[in-house]
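Next come the chains, spelled out residue by residue.
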Amino acid sequence: MSDLRDLYQQTILDHTRKPRNKHEMSDATATADGHNPLCGDKIKLFLKVSNGIIEDISFTGNGCAISTASASMMTEALKGKSLAEVQALFERFHTMLTSPMDRDPDIEVLDKLAVFSGVREFPVRVKCATLPWHTLQAAIKHEHRPVSTE
Amino acid sequence: MTTTAEKKIAGRKAPKPDAFDVAAIRNDFPLLQTQSHGKPLAYLDNAATSQKPQAVIAAIARYYTNYNANIHRGVYKLSADATAAYEGAREKIARFINAPSAREIVFVRGATEAVNLVAATWGMDNIHSGDEIIVSEMEHHSNIVPWQLLARRTGAILRVVGITDAGELSMEHYQSLLSERTRLVALTHVSNAMGTINPVDRIVALAHARGIPVLIDGAQSIPHLPIDVQKIGCDFFVFSGHKLCAPTGIGALWARYDLLDKMPPYQGGGDMISSVTFSGSTWNEVPHKFEAGTPHIAGAIGLGVAIDYLSGLGMDAIARYEHELLTDATEKLEKISGLRIIGTAPEKAAVISFVMENIHPHDIGTIVDGEGVAIRTGHHCCQPLMDRYNIPATARASLAFYNTREDVDRLVAAIEKVKEVFN
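What you are looking at is a predicted structure, and each value in this text was computed from that prediction instead of being measured.

1. Examining the domain arrangement of chain B
All names here are of chain B.
For step 1, the next point in the chain: Assigned domains of chain B: these are domain 1 (4-33 + 314-422) and domain 2 (56-312).
For step 2, the next point in the chain: Between the C-alpha centres of domain 1 and domain 2 there is a distance of 26 Å.
For step 3, the next point in the chain: Contacts between the two partners involve 41 residues from domain 1, matched on the other side by 38 residues from domain 2.
For step 4, the next point in the chain: Summed over both partners, the interface of domain 1 with domain 2 buries about 3,200 Å², with 59% contributed by carbon and sulfur atoms.
For step 5, the next point in the chain: In this structure, the connection of domain 1 to domain 2 is made through two salt bridges.
For step 6, the next point in the chain: Glu137 serves as the salt-bridge partner of Arg388, at 3.6 Å between the closest nitrogen and oxygen.
For step 7, the next point in the chain: The interface formed by domain 1 and domain 2 holds 21 residue pairs in polar contact (both at pLDDT 80 or more) in total.
For step 8, the next point in the chain: When contributions to the side of domain 1 that touches domain 2 are tallied by element, the ones reaching two or more residues are α1 (3-8), α12 (315-334), β14 (351-356) and α14 (383-388).
For step 9, the next point in the chain: Residue composition of the side of domain 1 that touches domain 2, by class: 22 nonpolar, eight polar and 11 charged.

And the structure:
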């Protein structure tokens, strides 16, 4: 068995118990809905973008520990970032979750988000961690139809 | 190996009434001897699919090894043997559910296809704009969506029977929905998400008093209870083989002969015709009219052997044993603080859905999996039911006759581990 402690790290559990930026946003410039039908996770993402910079970001919804912590930590990591930086970060995050265990995560770029590297050992849970990020992509594209991980 | 031999392959001999030898039964299932994450497997996802006894696995191998041939039209011995085994399975199914005749058994891929078949044939002939179809809040998507598709095509309307907080069908609401506009009642016998056993005899009697036909979804009842379609009195009964120790991709529709006889074909093709000309074709007799193309011959044979196996154990004995397990599991799970069981009807099959305070079912599933315990987490193809309880998902343990009190104890210990991780 892959070690559960790699998946449920203290930082992740902390964000699950006390999610940051979990609220609606009345002056959002874009929103998107995400859904993981496998586990019933639902997320709504709110973005306030100005001159290509994410001024504010928040989320609401109901999900498992991994998707909730991922949404919470994503919002913390992205505030003040340019859309180009966001894109680069998403690609690194995605690469980390889909690369072999022996490859070390790019901690310099990912910073705190590297705690999700343990999710790699649990392939069925990768979608939980990426759901907020896929929803973010949809919001950035101003797509209004819900995204689904299936 | 001939089909005569196939008929002789029963499971073990019927046990004495008070001795349900689970240890011996478990030895019949190769997969139950395996490990998961280095721990003995506690397989508690039987409502999704059952494990297969060696007798079924061997029967499928025997068909492909010794008498693989297409059925019904071959003049050679292999084909005759295959046909006899395939049709023999149909007879076994008829006896198993006490159908008046084996020609009332239509082989399909599973319960889902059976419901779709009835909707696409009987439904298109008998359901018109403004007509009403009654389903319930506890239906599996497979007994909702085919009717929604039919309603979209015909302009019919779905009426939904509500359920109580305990997860029982509201019989009061059901009776209030029955009207002169109702053309069909389509309800589940046993809820896959909660285990509730619905009072199908009464459901049918109330509908028949108004001349309304009833389809019963038996996917979750047939693995756990003795089934007698004549006693239930329904008009259609559908089930899947794979929940009944048989392979996937095979199941059956039972319907009264007079209904099947009047229903148009489902799919066109070989085997379902009597004659084909370019000016028109005529249909084969029931049930072949509904079985276009080469069917899942090995699956049907496997289903027949699975029925032999279960009959050998005795469905009454299975139901009694599973009820004891359910009582044991319910008592133990209820004692876990922060755990709430969804579905507490007095009449239940051995399914326990539960949620835990501040812990998502998906996390429960991953952590107990690490302990070698396989349970289901999610909406169980019952999104309307999840909405009814205002929950996104549940964790579900569903037991079978080969599960033990030890399996239950391992689930309880694994749930304690879940609490450790999150506290």
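That covers the picture; the talk isn't over yet.
2. Topic: the side chain of B:Glu137
Residues and elements named next belong to chain B.
For step 1, the next point in the chain: Note on placement: Glu137 falls in the loop between β5 (132-136) and α6 (145-154).
For step 2, the next point in the chain: Within polar-contact distance, the side chain of Glu137 engages the backbone nitrogen of Ile163 at 3.0 Å.
For step 3, the next point in the chain: The contact partners of Glu137, leaving out residues within four places of it in the chain, are Val160, Val161, Gly162, Ile163, Pro384, Leu385 and Arg388.

3. With respect to the nonpolar core
Among soluble globular proteins, nonpolar side chains are generally buried collectively.
For step 1, the next point in the chain: Formed by 153 residues in total, the largest nonpolar core has its most connected members in A:Phe116 and B:Phe401.
For step 2, the next point in the chain: At 11 residues, helix α11 (residues 297-313) of chain B tops the list of elements feeding residues into this core.
For step 3, the next point in the chain: There are two domains that each give this core at least three residues, and those are domain 1 (4-33 + 314-422) and domain 2 (56-312) of chain B.
For step 4, the next point in the chain: Those residues within four positions of A:Phe116 in sequence are excluded, and the remaining contacts are A:Ile12, A:Ile66, A:Ala69, A:Ser70, A:Met73, A:Phe93, A:Met96, A:Leu97 and A:Ala129.
For step 5, the next point in the chain: Core analysis: the second largest hydrophobic core is formed by 29 residues, B:Val135, B:Ala151, B:Val238 and B:Met263 among them.

4. With respect to the pairing of strand β9 (residues 236-240) of chain B
Residues and elements named next belong to chain B.
For step 1, the next point in the chain: With respect to burial, β9 is a largely interior element, five of its five residues being buried.
For step 2, the next point in the chain: Neither face of β9 is exposed, since Phe236, Val238 and Ser240 on one face and Phe237 and Phe239 on the opposite face are all buried.
For step 3, the next point in the chain: Relative to β9, strand β8 (residues 214-217) runs parallel, the two sharing three bridges. From the neighbouring strand, Ile216 faces β9, where its bridge partner is Phe237.
For step 4, the next point in the chain: As paired elements, β9 and strand β10 (residues 251-255) share five bridges and run antiparallel to each other. Bridged to Phe239 within β10 is Ala252.

5. Regarding the sheet that holds β10(B)
Backbone hydrogen bonds hold the strands of a sheet together, and the pairing may be parallel or antiparallel.
All names here are of chain B.
For step 1, the next point in the chain: Read from one edge of the open sheet, seven strands run β4-β10-β9-β8-β7-β5-β6, paired in mixed fashion. Either end of the sheet is taken by a strand with one partner, and the two such strands are β4 (105-108) and β6 (157-161). When strand polarity is set aside, the average angle formed by the axes of neighbouring strands in this sheet is 20°.
For step 2, the next point in the chain: Examined bridge by bridge, β4 and β10 share four bridges and lie antiparallel to one another. Bridge pairing in β10 places Val108 opposite Gly251.

6. Notes on the interface of chain B and chain A
For step 1, the next point in the chain: Contact with chain B, which involves 16 residues of that partner, is made by 19 residues of chain A.
For step 2, the next point in the chain: Roughly 1,400 Å² is buried in total at the junction of chain B and chain A, and carbon and sulfur atoms are behind 60% of that figure.
For step 3, the next point in the chain: Applying the counting criterion to the chain B and chain A interface returns one salt bridge.
For step 4, the next point in the chain: There are seven residue pairs in polar contact (both at pLDDT 80 or more) connecting chain B and chain A.
For step 5, the next point in the chain: Mapped onto the side of chain B that touches chain A, the elements with two or more residues apiece are α13 (361-370), β16 (376-378) and α15 (405-422) of chain B.
For step 6, the next point in the chain: In terms of residue count, the dominant contributor to the side of chain B that touches chain A is α13(B) (five residues).

7. Some thoughts on the pairing of strand β17 (residues 394-398) of chain B
Every regular strand shows the same layout, with side chains that alternate between the two sheet faces.
All names here are of chain B.
For step 1, the next point in the chain: The buried fraction of β17 is high, at five of five residues.
For step 2, the next point in the chain: Of the two faces of β17, the one holding Thr394, Arg396 and Ser398 and the one holding Ala395 and Ala397 are both buried throughout.
For step 3, the next point in the chain: As judged from the four bridges shared by β14 and β17, these two strands associate in the antiparallel manner. Bridging from a neighbouring strand, Val351 pairs with Ser398 of β17.
For step 4, the next point in the chain: As paired elements, β16 and β17 share three bridges and run antiparallel to each other.

8. Let's talk about the packing of aromatic side chains
For step 1, the next point in the chain: All chains considered together, the criterion is met by 15 aromatic pairs over all chains.
For step 2, the next point in the chain: For the ring pair A:Phe93 and A:Phe116, a centre distance of 5.8 Å and an interplane angle of 75° mean the geometry is edge-to-face. Note that A:Phe93 is positioned in helix α4 (residues 83-98) and A:Phe116 in the loop between α5 (107-110) and α6 (126-140), a separation of 23 residues in sequence.
For step 3, the next point in the chain: Relative to B:Tyr402, the ring of B:Phe29 lies with its centre 4.7 Å away and its plane at 55°, an arrangement referred to as tilted. Within this pair, whereas B:Phe29 is found in the loop between α2 (22-27) and β1 (35-36), its partner B:Tyr402 is found in the loop between β17 and α15, the two being separated by 373 residues in sequence. Pair check on accessibility: B:Phe29 and B:Tyr402 agree, each one buried.
For step 4, the next point in the chain: Lying over the aromatic face of B:Tyr257, B:Arg103 brings its terminal NZ or CZ to 3.8 Å of the ring centre.

9. Some remarks on the side chain of B:Asp217
Residues and elements named next belong to chain B.
For step 1, the next point in the chain: For Asp217, the location among the structural elements is in strand β8.
For step 2, the next point in the chain: Within the buried set, Asp217 has no salt-bridge partner at all; the shortest N-O distance to an opposite charge, 8.5 Å, is to Lys243.
For step 3, the next point in the chain: A polar side-chain atom of Asp217 sits 3.0 Å from the main-chain amide nitrogen of Ala219.
For step 4, the next point in the chain: Discounting chain neighbours no more than four positions away, the residues touching Asp217 are Ala111, Ser142, Asn143, Leu187, Thr188, His189, Val190 and Val238.

10. Topic: the environment of B:Ala319
Residue and element names in this part refer to chain B.
For step 1, the next point in the chain: With respect to the helices, strands and loops of the structure, Ala319 is situated in helix α12.
For step 2, the next point in the chain: Along the chain, Ala319 and Phe401 lie 82 residues apart, while their C-alpha atoms are 8.0 Å from each other.
For step 3, the next point in the chain: When residues no more than four places from it in sequence are discounted, the contact partners of Ala319 are His224, Leu225 and Pro226.

Reading guide: rules and limits
As a convention, each chain's residues are numbered from 1 in the sequence order in which they are written. All chains are assigned letters beginning at A, and all ligands numbers beginning at 1, according to the order in which they are written. Since the coordinates come from a predicted model, pLDDT governs what is reported: local features require at least 70, and pairs of side-chain atoms require 80 or more to be given and counted, while whole-chain, interface and lining totals use all residues. Computation of side-chain values: all heavy atoms of the structure, hydrogens and water removed. Residue ranges for the domains originate in an automatic or database domain assignment. Pairs of residues are marked as contacts when any of their non-hydrogen atoms sit within 4.5 Å. When two parts are brought into contact, each loses some accessible area as probed by a 1.4 Å sphere; the total of that loss over both is the buried area. The salt bridge definition used is simple: a Lys or Arg side-chain nitrogen within 4 Å of an Asp or Glu carboxyl oxygen. Two N or O atoms form a polar contact when they lie within 3.5 Å of each other; inside protein one atom must be a possible hydrogen donor and the other a possible acceptor, and for residues adjacent in sequence the pair counts only when both atoms belong to side chains. Helix and strand definitions follow DSSP, with helices as H or I runs of at least four residues and strands as E runs of at least two, each counted in order from the N terminus. Residues were grouped as follows: Ala, Val, Leu, Ile, Met, Phe, Trp, Tyr, Cys and Pro as nonpolar; Asp, Glu, Lys and Arg as charged; and all remaining residues, including Gly, as polar. Note on terminology: a nonpolar core comprises buried Ala, Val, Leu, Ile, Met, Phe, Trp, Tyr and Cys residues joined through side-chain atoms within 4.5 Å. Relative accessibility thresholds used throughout: buried, under 20% of the residue-type maximum; exposed, over 50%; partly exposed, between the two (1.4 Å probe, protein chains only). Strand pairing is defined by DSSP finding a minimum of two bridges between the two strands. Each axis is a line fitted through C-alpha atoms, taken for helices only over the stretch in contact, and angles between the N-to-C directions span 0 to 180 degrees. Stacked, edge-to-face and tilted are the three classes for Phe, Tyr and Trp ring pairs, Trp counted by its six-membered ring, which pair at centre distances within 6.5 Å; planes under 30 degrees apart are stacked, over 60 edge-to-face, the rest tilted. Charges are assigned to positions over rings by a cutoff of 6 Å between ring centre and Lys NZ or Arg CZ, combined with an angular limit of 35 degrees from the ring normal. All tallies of charge rest on Lys and Arg as positive and Asp and Glu as negative; His and the ends of each chain are not included.

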